[in-house]
Amino acid sequence: MKVFIIGASGLVGSHCLAHFKEQGWTVKGSHCNFTTDTTCYYNTLQPHSDQNFDVVSFGPEVIVHCAALTNVDYCEKNEKESYENTLESTRHVCELAIKCGARVVYISTDYVFDGNSGPYQENDAPNPINVYGKHKFLAEQLVRTSVIDSLVLRVTNVYGDEARGKNFVARIIQHCHQKQPICLKLPYDQFATPINANDIARAMFILLSDKKAGIYHLASTDYMNRVELGRRTLSYFPDAEFMSIEPVDSTTMKQTATRPLVGGLLKVKFATEYPTFVFNSVDNYLSSTTKTSISIRENKT
Ligand SMILES: NC(=O)c1ccc[n+]([C@@H]2O[C@H](COP(=O)([O-])OP(=O)(O)OC[C@H]3O[C@@H](n4cnc5c(N)ncnc54)[C@H](OP(=O)(O)O)[C@@H]3O)[C@@H](O)[C@H]2O)c1
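On a predicted model such as this, the values are computed, not experimentally measured, just so you know.

A word on the packing of helix α6 (residues 168-178) against helix α8 (residues 226-234). Helix-helix packing: each pair is described by the crossing angle between the helix axes and the interaxial distance. Taken N-terminus to C-terminus, the directions of α6 and α8 make an angle of 40 degrees; their axes are 10 Å apart at the nearest point. Classified by the angle their axes make, α6 and α8 are oblique. Here the hand of the crossing between α6 and α8 comes out right-handed. Judged by residue contacts, Phe168, Val169, Ile172, Ile173 and Cys176 of α6 engage Arg226, Leu229, Gly230, Thr233 and Leu234 from α8.

Here we take up the site of the ligand. Residues in close proximity to the ligand total 30 residues, the closest being Ser9, Asn33, Tyr132, Lys136 and Lys166. Interatomic distance of 2.9 Å between a backbone N/O atom of Thr44 and a nitrogen atom of the ligand. Protein chains bury 88% of the 900 Å² of accessible surface belonging to the ligand in isolation. Among the elements of the structure, α1 (11-22), β5 (103-109) and α5 (131-146) are those that each provide at least two residues to the shell around the ligand.

Structurally, Arg202 is set in helix α7 (residues 197-209). Overall, Arg202 belongs to the partly exposed group, its relative accessible area being 23%. Remark: the alpha-carbon pair of Arg202 and Ala102, spanning 100 residues in sequence, is separated by 20 Å. Here Arg202 is in contact with His19, Phe277, Val278 and Asn280, once residues within four sequence places are set aside. Within the local environment of Arg202, its side chain forms a polar contact with the side chain of Asp199, the two groups lying 2.7 Å apart. In this structure the side chain of Arg202 is engaged in a polar contact, spanning 3.1 Å, whose partner is the backbone oxygen of Val278.

This paragraph deals with the packing of aromatic side chains. The geometry of an aromatic ring pair comes down to the distance between the two centres and the angle between the two planes. A full pass over the atoms with the stated rule returns 14 aromatic pairs. On the numbers, 6.0 Å between centres and 80 degrees between planes, the contact of Tyr111 with Tyr132 is edge-to-face. In this pair, Tyr111 is assigned in the loop between β5 and α5 and Tyr132 in helix α5, connecting sequence segments 21 residues apart. With 4.2 Å between their ring centres and 5 degrees between their planes, Phe113 and Tyr120 make a pair best called stacked. Connected via pairs of aromatic rings, a cluster forms that spans Phe4, Tyr42, Phe53 and Phe58. When the ring centre of Phe168 is taken as origin, the NZ or CZ atom of Arg226, which lies over that ring, is 4.4 Å away.

Here is what the cut-offs are and how they apply
- Here the residue numbering is sequential within each chain, running from 1 through the sequence in written order.
- Local features in this predicted model are restricted to residues of pLDDT 70 or higher, and side-chain atom pairs are both shown and tallied only at a pLDDT of 80 or more, whereas totals for entire chains, interfaces and linings draw on every residue.
- Excluded from the side-chain calculations are hydrogens and water; all other atoms, namely the structure's heavy atoms, are used.
- Inter-axis angles, ranging from 0 to 180 degrees, are taken between N-to-C directions of lines fitted to C-alpha atoms, where helices are fitted over the stretch in contact.
- Helix and strand assignments come from DSSP, with helices taken as H or I runs of at least 4 residues and strands as E runs of at least 2, each series counted from the N terminus.
- The cut-offs work like this: below 35 degrees is roughly parallel, past 145 is roughly antiparallel, 65 to 115 is roughly perpendicular, and the gaps in between are oblique.
- Definitions for this section: a left-handed crossing has its near helix turned counterclockwise from the far helix by less than a right angle. A right-handed crossing has that turn clockwise.
- Contacts were defined at the residue level, with two residues in contact if any of their heavy atoms lie within 4.5 Å.
- One heavy atom within 4 Å of a molecule or strand is enough for the residue carrying it to be called near that molecule or strand.
- Polar contacts here mean pairs of N or O atoms no more than 3.5 Å apart (in protein, one a potential hydrogen donor and the other a potential acceptor; neighbouring residues in sequence count only if both atoms are side-chain atoms).
- Using a 1.4 Å probe, the Shrake-Rupley method yields the accessible areas, and only the shown protein chains count as cover for residues.
- A simple rule labels every residue: compare its accessible area, found with a 1.4 Å probe on the protein chains alone, to the largest value its type can have, and call it buried under 20%, exposed over 50%, or partly exposed in between.
- Note on aromatic pairs: the rings of Phe, Tyr and Trp (six-membered ring only in Trp) are paired at centre separations within 6.5 Å, and the planes decide the class, stacked below 30 degrees, edge-to-face beyond 60, tilted for the rest.
- The criterion for a charge sitting over a ring is simple: Lys NZ or Arg CZ within 6 Å of the ring centre, and within 35 degrees of the ring normal.

Shape descriptors only; they carry no functional weight alone.
Listed below in structure tokens is the structure:
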């Protein structure tokens, strides 16, 4: 399979790039502002730029669209920018895919739901309550109506190894390693289904191999709020007494964008079609990542 991954310098895209290569596919991945050794430049907001990688000549059968503006509060405050980075960006990706005769994989979110009664199944009715969620939902519809056999994968609370270590779990691990005394105020009333970025890549590989289309939810069996996820992460760092967590109500956090509270996803369709596929848990990830860092430290001393 020949695949072009837009946003391969990010968390989800970098895992897709690595996994698809390992599996023997011909893959190219792109960055926009964060240059990496393994990616080429491509900006979805400037589809006609000479600097862009020549996707049409590469001739992908699939374009994985991970490019996004993911800061939910920033999107709320900057609606036009959010529209451009989610809707306009996706429209350009669809046009590119049509030109290449490629299918599109679009990565979406549980923020398309209102969070009144999660976790959500694929056939639950979306009802986004913030700008980011509204634009993601519109982008899903755009992909599904304009590119034949497109795939929408909804995920939430993605964690895993990444070059910039920006995800929630990675940031707590960094604080622990850097021994920065800090008290994290975390909401106890925002629930979701954290998922390992590598599992998204593994699931996507299977779905693409089987030429699946439509909407799929991807999630492990973990269902937790931010406080639980933070505490679970800290439990792997018993020496990190300099870090603490203060559980707070979402209303006291004054986040610009309203959050879906009882969110998360149920992977009903995927689990029915692939009953033997095993998703990793947060514990699997934390135990393997802490073992790796202990052995790196021991080798250094
Ligand atoms: N992370 C989560 O918890 C989560 C949850 C639900 C859904 N999602 C969705 O999953 C997808 C991937 O998210 P992620 O966590 O991997 O995000 P990420 O780490 O922030 O990566 C975003 C990627 O998009 C690229 N990008 C941004 N603007 C671009 C543009 N104009 N043209 C081309 N590339 C551009 C970035 O490139 P540079 O960094 O090089 O500029 C980066 O490679 C997004 O659609 C996001 O909405 C993520």
